[in-house]
Amino acid sequence: MRALNWFVRLILFLLLFGLALNNLEPTVLHLLFGTQWTAPLFVLLLAAFTLGAVLGALAMLPGWMRARRTQVARNPGPNMPALEPQEQAPVRSVPTAIDGSTPDGV
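Here's what I pulled together on the structure shown here. Owing to the predicted nature of the structure, the values given are computational and were not obtained by experimental measurement.

Across its full length, the protein holds 2 helices and 2 strands. Ordered by position from N to C terminus, the α and β elements of the protein give α-β-β-α. At a minimum sequence separation of 6, the contacts of the protein that also span at least 24 residues come to 0%. Here the protein displays about 10,200 Å² of accessible surface, and carbon together with sulfur accounts for 68% of that area.

Of the strand pairs in this sheet, strand S1 (residues 26-30) and strand S2 (residues 36-40) are connected by 5 bridges, and their pairing is antiparallel. Bridge pairing in S2 places Thr 27 opposite Ala 39. Count of turn residues in the S1/S2 antiparallel hairpin: 5 residues, of which Phe 33 carries a positive phi of about 60°.

On to the packing of aromatic side chains. Overall, the coordinates contain 1 aromatic pair when judged by the stated rule. Seen from their ring centres, Phe 13 and Phe 17 are 5.9 Å apart, and the 15° between their planes marks the pair as stacked. Here the residue Phe 13 and the residue Phe 17 both occupy positions in helix H1 (residues 2-21), the gap between them amounting to 4 residues, near one helical turn. Since its relative accessible area comes to 44%, Phe 17 is described here as partly exposed. Over the ring of Trp 6 we find Arg 9, and its NZ or CZ is 4.8 Å from the ring centre.

What follows covers a nonpolar patch on the surface. On the surface, a cluster of nonpolar side chains totalling about 1,300 Å² of accessible area is made up of Met 1, Leu 4, Phe 7, Val 8, Leu 10, Ile 11, Phe 13, Leu 14, Leu 15, Phe 17, Leu 21 and Leu 24. Here Leu 15 lies in helix H1.

Right, let's talk about the side chain of Asn 23 for a bit. As for its position among the elements, Asn 23 is in the loop between H1 and S1. Other than its neighbours up to four places away in sequence, Asn 23 contacts Pro 40, Leu 41 and Phe 42.

Of note in the backbone geometry, Phe 33 takes a positive phi value of approximately 60° without being a glycine. Overall, the relative accessible area of 85% leaves Phe 33 in the exposed class.

What counts, and at which threshold
Residues numbered from 1 in each chain as written. Predicted model: local features only at pLDDT ≥ 70, side-chain atom pairs only at ≥ 80, totals over all residues. Heavy atoms only, no water. Helix = DSSP H or I, 4+ residues; strand = E, 2+ residues; numbered from the N terminus. Contact = heavy atoms within 4.5 Å. Areas by Shrake-Rupley, 256 points an atom, 1.4 Å probe, with all protein chains shown as cover. Pairing = 2+ DSSP bridges. Phe/Tyr/Trp six-rings, centres within 6.5 Å; stacked < 30°, edge-to-face > 60°. Buried < 20%, exposed > 50% of the residue type's maximum accessible area, 1.4 Å probe, protein only. Lys NZ or Arg CZ within 6 Å of the ring centre and 35° of its normal. Patch = residues over 30% accessible without salt bridge, like charges linked within 9 Å, V, L, I, M, F, W, Y side chains within 5 Å. Salt bridge = Lys/Arg side-chain N within 4 Å of Asp/Glu carboxyl O.

None of this, on its own, says anything about what the molecule does.
Following this line, the structure appears as structure tokens:
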């Protein structure tokens, strides 16, 4: 399984390397306020992918932190005290049959 994983990684690397070699032409990226950035196309594509991955991870960070806090609260480490379970209110029993003792039949 480990060899298959490395083989897939090698194939993916070679495909991306070939894509980079085929996109060496200089490309101009027009930014705000008249600024320009000239770089090979594959550099601009790599920068856009990296920026998207970083922004995606930052967008998911609050959820990850919330899940981590929940996990730590449920399973504390050896040096952390466990949280005491909260007292629950007693459950009242509800009649399941209509006995006709109330005017509305409930």
